[in-house]
Amino acid sequence: MAIVVKRPKLSFWEKLYLPGIIKGLGITLRHFFLSLTGKTKVSMQYPEEKWDSHLPEYYRGAPALVTDEQGRERCVACQLCEFICPPRAITIHPEEIPSEDKWAKVEKRPQEFEIDMIRCIYCGLCEEVCPEQAIFLRKEYAFTGLKREDMVHNKKRLYEIGGVREGLVNKWNELK
Amino acid sequence: MDITFILISVAKIIGLVFLTILPMVAYSVWAERRVSALIQDRVGPNRVGIPFTKIRLAGLGQPIADGIKFLLKEDFTPSHVRKGYYWLAPALTMVPALLTCAVLPFGSELFGIKMVIADLSVGPLFIFAIASLSVYGIVLAGWASNSKYPFLGGVRSSSQMISYEISLGLSIVPILMIFGQLNLSDIVMEQARNGWALLPLWGDRLSLKGFLLFIPIFISFVIFTTSMFAETNRLPFDLPECETELVAGYHTEYSSMKFALFFLGEYAAMIIGSGLAVTLFLGGWSLPFGWLVPEDGASVPFWMGALHILSFLGKVVAFILFFIWVRWSLPRFRYDQLMRLGWVFFFEIALFNILLTAGILLFVK
Amino acid sequence: MTALFYFFAFVMLAGGLGVVLTRSPVTSAFSMVVSFLGLAALFIMLHAYLIGTLQILVYAGAIMVLFLFIIMLLDLKAEEDRKISLFTVIGGALLVSVFASQIIKVVKALPAAAEAMPELSASASEDVKNTGLLMFTDYVFPLQIIGVLLLVATVGVIVLSKKELK
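Residues numbered from 1 in each chain as written. Chains lettered and ligands numbered in written order. Predicted model: local features only at pLDDT ≥ 70, side-chain atom pairs only at ≥ 80, totals over all residues.

### Looking at the overall build of chain A
Move 1: Helix and strand counts for chain A come out as six helices and five strands.
Move 2: Secondary structure elements of chain A occur, N-terminal to C-terminal, as α-α-β-α-β-β-α-β-β-α-α.
Move 3: With the principal axes as the frame, chain A shows a C-alpha extent of 95 × 50 × 35 Å.
Move 4: Here chain A, with 176 residues, has 19% of them falling under the buried criterion.
Move 5: Across chain A, contacts joining residues at least 24 apart in sequence account for 71% of those joining residues at least 6 apart. (Helix = DSSP H or I, 4+ residues; strand = E, 2+ residues; numbered from the N terminus. Buried ≥ 20, exposed ≤ 12 C-beta atoms within 10 Å, placed from the backbone. Contact = placed C-beta atoms within 7 Å.)

And the structure:
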């Protein structure tokens, strides 16, 4: 069933259109002068001005690995993130921690940890799934490269971005 | 035909067309983008300045970069087009737009030479005649592209331009009646001495008759300006190329410099249209309130001639800004509304306006 | 000046030939526009500015646009494939030669054709005014008749096209 919408009845002035047109022109003119005198806030001039200092804590930038205050790399190469990653951006090559190492009881660590930033969709599932609080989405977002290989973050780069993160649960300290 | 006349004419053509109008075309594109950005609370192109430096000049290098881009892009000719006309069409939109500037008086005198390329006795008629040829470019582009959207754009454009040419022509008849001539230089001179058509505040026109005549002149001005928008396919009437329905209308199949020619043709037509409106309604090159009007037969000093040219260009620039302002304020008309406006309202009002002017001229002394 | 005359005369004649000789109707119509432009240029060279601009304004700018418009809406394939028969060629040539000989004869018989006319440049600045004065004084009756004729034609067209709609 069709709905009949009643057309509004226009007065003489409205039918002339000219007052409406002039009103509209007035609005755009106001915007023009406000922008011209810099009274309107416009978008940031990107390369010079950046959002970086305004980014909220929960900002989802590039995923990166973190170390804790004891300098231990938190990733235990359980490969859960590799498994859950929707675009399969993560590749982990695990290795055993040698017995003379201080953290030998952790048993496993990544030998190589690669995130392909061309594939990454910044969904944050890796951070959510990680049982060790080892991978976090940080505030870096501007990555460029001239080759595809440049866009793959290796372990070294990931720790560079991630840095040290304090105040996390350190369950390996208690475990013998 | 002596050689000095030809040389002077060539100098005037180069000075007006290549050193004034074409750069103005390029920079009106830039102005369009900057002004539209400001109206919409954005920034617009503000980056391109002098290459390899950090100097930006508020983006004034943008038109040059755009031009280089247009020249270097691949000039792609689709296989299904009618080649000859496909190549001819862009030139046919650009050339008439530039030809019409021949009769526009763009200044008083410089070194004792009249600042108009051809001082014809049929100025406005000449402009309408040449401007009416610019339909061919669009129609041929639409037809030669041999696909649906361009064709619909071409059909729309031709009917729109033919319809609005009538109200455009009729709307200036009152002006011609008031000034009693068709020579644009003389019309401007008359306005310089006795008050602009739209500003009758000095000279002979500061009288009851002048004020009464202001009414038909103002009606003329509204109709003329609106029809000019339709003739140049500018936004409230840009149905030939309206993106939402026709992709890009008649230039859908064009790329590279051929597309640029359509684009530049539109802006050139806009500049010439502004020039004509300024000449007929806003006193052409003259300054307001009868300042610095050259005496009959007396030579005009260089600074005064230059000032007159600047005055003309300033008015044209203001008019172009008005064009841009309107474009980014008003939504597009529906096609039947456009035709109704042209044939039912403007045509009748323009005819009535002629009658009104004749009445005032006849009965008010 | 003579070089210009020959140039524009050539443009006009080439346009005229193009109308007759090309197969595509669009090209024919376009050649006609070129021919009109050449003609207008010749008028302007005779200092007849008004008639020259009117030639462009009315014929090239309005009437031919409508022509082109209609032609483009038609199916052009049939026209391009049409064969020319010998009979039409001979018949056409015969008609043309008869008309041409008549025109030449009439023009030669005119007394004014023998002597060179003075140049129009003296009255050139006034030709709009003179035309207007003549039209609204001496020839006002024919002008009105033509106006009524056009009105009748317009009304007739509207009546015919509306009838078809029903």
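### Structural notes on the arrangement of the chains
Move 1: Counting contacts across all two pairs of chains that touch, the top-ranked interface belongs to chains B and C.
Move 2: Separated without contact, chain A and chain C have their nearest C-alpha atoms at a distance of 28 Å.

### As for the interface of chain B and chain C
Move 1: Each partner contributes to the interface: chain B provides 17 residues, whereas chain C provides 18 residues.
Move 2: For the side of chain B that touches chain C, the secondary structure elements donating two or more residues are α4 (123–144) and α5 (148–171) of chain B.
Move 3: Of all the elements, α4 of chain B adds the most residues to the side of chain B that touches chain C, at ten residues.
Move 4: Across the side of chain B that touches chain C, the residue classes tally to 14 nonpolar, three polar and no charged. (Nonpolar A, V, L, I, M, F, W, Y, C, P; charged D, E, K, R; others polar.)

### Concerning the nonpolar core
Move 1: With 123 residues, the main nonpolar core has Leu140, Ala268 and Ile271 of chain B together with Val33, Phe36 and Met64 of chain C as its most contacted residues.
Move 2: Valine 33 of chain C has contacts with Tyr136 of chain B together with Ala60 and Met64 of chain C, leaving out every residue within four places of it along the chain.
Move 3: Core analysis: the next-biggest nonpolar cluster, separate from the first, contains 21 residues, Ala89, Phe113, Phe136 and Leu137 of chain A among them. (Core = buried A, V, L, I, M, F, W, Y, C linked by C-beta atoms within 7 Å.)

### Regarding the interface of chain B and chain A
Move 1: Taken together, the eleven residues of chain B in the interface contact twelve residues of chain A.
Move 2: For the side of chain B that touches chain A, the secondary-structure elements that each account for two or more residues are α1 (3–39) and α11 (302–327) of chain B.
Move 3: Top element by residues in the side of chain B that touches chain A is α1 of chain B. It accounts for three residues.
Move 4: Considering only residue class, the side of chain B that touches chain A consists of eight nonpolar, one polar and two charged.

### Side note on helix α1 (residues 2–21) of chain C
Move 1: The end-to-end C-alpha separation of α1 of chain C is 28 Å, in line with the 28 Å expected for 20 residues at 1.5 Å each.
Move 2: A small share of α1 of chain C lies buried, amounting to one of its 20 residues. (Expected span 1.5 Å × (residues − 1).)

### Remarks on the sheet that holds strand β3 (residues 108–116) of chain A
All names here are of chain A.
Move 1: Ordered in space as β2-β3-β5, the three strands form an open sheet in which the pairing is antiparallel. Only two strands of the sheet have a single neighbouring strand rather than two, namely β2 (90–96) and β5 (152–153).
Move 2: Pairing analysis gives two bridges linking β3 to β5, with the strands arranged antiparallel. Bridge pairing links isoleucine 115 to histidine 153 in β5. (Pairing = 2+ DSSP bridges.)

### Some words on the confidence of the model for chain C
Residues and elements named next belong to chain C.
Move 1: A residue-level look at chain C finds 85% of positions with pLDDT of 70 or above and a mean pLDDT of 82.
Move 2: Element-level pLDDT for chain C is lowest in helix α4 (residues 77–81), with a mean of 64, against a maximum mean of 89 in helix α5 (residues 86–109).
Move 3: Scored as a complex, the prediction yields pTM 0.79 and ipTM 0.77. (pLDDT = per-residue confidence, 0-100.)

### Considerations on the packing of α1 of chain B against helix α2 (residues 62–72) of chain B
Residue and element names in this part refer to chain B.
Move 1: Here α1 crosses α2 at 110°, and the two axes come no closer than 9 Å. It follows from the interaxial angle that α1 and α2 lie roughly perpendicular. Of the residues in α2, those in contact with Ala26, Tyr27, Val29 and Trp30 of α1 are Gln62, Pro63, Asp66 and Gly67.
Move 2: Taken together, the residues of the contact of α1 with α2 break down into five nonpolar, two polar and one charged. (Axes fitted to C-alpha atoms, helices over the stretch in contact; angles between N-to-C directions. Parallel < 35°, antiparallel > 145°, perpendicular 65-115°, else oblique.)

### Things to note about the environment of isoleucine 13 of chain B
Move 1: Here isoleucine 13 of chain B shows up in helix α1.
Move 2: With 103 residues separating them along the chain, isoleucine 13 of chain B and valine 116 of chain B place their C-alpha atoms 9.2 Å apart.

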